Amino acid sequence: MKTGMIDLYTWGTPNGHKIHIMLEETGLPYRLHKVNIGAREQFSPEYVKINPNSKIPAIVDQDGPDGGPVTIFESGAILFYLAEKSGKLLPAADEPRARVLEWLMFQMGNIGPMFGQCYHFKSSAPERIPYAIDRYTREVGRLYAVMDKRLSKSAWLGGDEFSIADIATWPWTKNPSAYDQNPDDFPHVKAWIKKIGERPTVKRALRVLDA
């Protein structure tokens, strides 16, 4: 495993916390660069050179696969890259690996977009649109139910072991009440949220930006 320094560009969002957790879990060395999205620092010319999509997080691994720096943006891609680099949190065997990637894509394609829209229309939209609020609230509930069914049969989303699928999903789903969902309606998700939140690495990750 290469252990060169990783520069992390981030802020305190669910997608940012994914990478905080991953770096704490793997033990890879990193330097923190705060990108204040409230001040629109993600649109600065310096940051756009790192991420042309002007989103956080992004990393620059100073010790990339060819020995030089490599830049990665999109949180799912970063998780996969760091799992490959560290040899952790992504199974090597074909079927378990496919399951982890399946649930990672579930987060990227469903949890992030739908939960993000739900929160936006409930809390940030300039006008209240009942149809949008109802649509996304119901979809969030449906996705919690999909997770709950999975976790009724599996210790973790990807299978028997904690993985990048759990890391990707937990920051978005850890507070059901923020989306007008009753945690008790999803008992297996509720237990999973608690179990992850008690990990020392996760507790450290949530404090990364406090420094």
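Note: the structure precedes this text.
Residues numbered from 1 in each chain as written. Predicted model: local features only at pLDDT ≥ 70, side-chain atom pairs only at ≥ 80, totals over all residues. Heavy atoms only, no water.

1. Section: the nonpolar core
- Within the largest apolar cluster, 51 residues are counted, with the highest numbers of intra-cluster contacts made by I59, L82, I164 and W192.
- Counting residues per element, the ones that place at least two in this core are strand 1 (6-10), helix 1 (14-26), helix 3 (75-86), helix 4 (94-124), helix 5 (130-151), helix 6 (164-173), helix 7 (187-197) and helix 8 (200-206).
- A total of nine residues in this core trace back to one element, the largest contributor, which is helix 4.
- When sequence neighbours within four positions are dropped, the list of residues in contact with W192 reads M147, L151, A155, W156, L157, D166, T169, W170 and T173.
- Grouped together as the second largest cluster of nonpolar side chains are seven residues, Y9, V35, I56 and V60 included. (Core = buried A, V, L, I, M, F, W, Y, C linked by side-chain atoms within 4.5 Å. Buried < 20%, exposed > 50% of the residue type's maximum accessible area, 1.4 Å probe, protein only. Helix = DSSP H or I, 4+ residues; strand = E, 2+ residues; numbered from the N terminus. Contact = heavy atoms within 4.5 Å.)

2. Concerning the environment of E24
- Among the structural elements, E24 can be located in helix 1.
- Taking relative accessible area as the criterion, E24 reaches 18% and is therefore assigned buried.
- The spatial distance from the C-alpha of E24 to the C-alpha of R204 is 7.3 Å, given a sequence separation of 180 residues.
- When sequence neighbours within four positions are dropped, the list of residues in contact with E24 reads Y30, T201, R204, A205 and V208.
- Of the polar contacts made by the side chain of E24, one reaches the side chain of Y30; its length is 2.7 Å. (Polar contact = N/O pair within 3.5 Å; in protein donor to acceptor, adjacent residues only side chain to side chain.)

3. What about the packing of helix 6 against helix 7?
- Packing of helix 6 against helix 7 brings their axes to within 11 Å, and their N-to-C directions diverge by 105°. When the axes of helix 6 and helix 7 are compared, the pair comes out roughly perpendicular. Across the interface between the two elements, D166, T169, W170 and T173 of helix 6 pack against W192, I193, I196 and G197 of helix 7.
- Counted by class, the contact of helix 6 with helix 7 contains four nonpolar, three polar and one charged residues. (Axes fitted to C-alpha atoms, helices over the stretch in contact; angles between N-to-C directions. Parallel < 35°, antiparallel > 145°, perpendicular 65-115°, else oblique. Nonpolar A, V, L, I, M, F, W, Y, C, P; charged D, E, K, R; others polar.)

4. Some points on helix 5
- With 22 residues, helix 5 ought to run about 32 Å at 1.5 Å a step, and its terminal C-alpha atoms sit 31 Å apart, in line with that.
- Here helix 5 has its buried residues at A132, I133, Y136, T137, E139, V140, G141, L143, Y144, M147, D148 and L151.
- Check the buried side of helix 5 and you find it contacts helix 4, helix 6 and helix 7. (Expected span 1.5 Å × (residues − 1).)

5. Quick word on the sheet that holds strand 1
- Within the open sheet, the four strands sit side by side as 2-1-3-4. Their pairing is mixed. Looking at the sheet topology across the chains shown, the edges are occupied by strand 2 (30-34) and strand 4 (70-73). Ignoring which end each strand starts from, the neighbouring axes of this sheet average 20° apart.
- Sheet strands touched by helix 1: strand 1, strand 2 and strand 3 (58-61). Its angle to strand 1, the strand with the most contacts, is close to 155°.
- Across the sheet, helix 3 lies against strand 1, strand 3 and strand 4, angled at about 135° from strand 4, the strand it touches most. (Pairing = 2+ DSSP bridges.)

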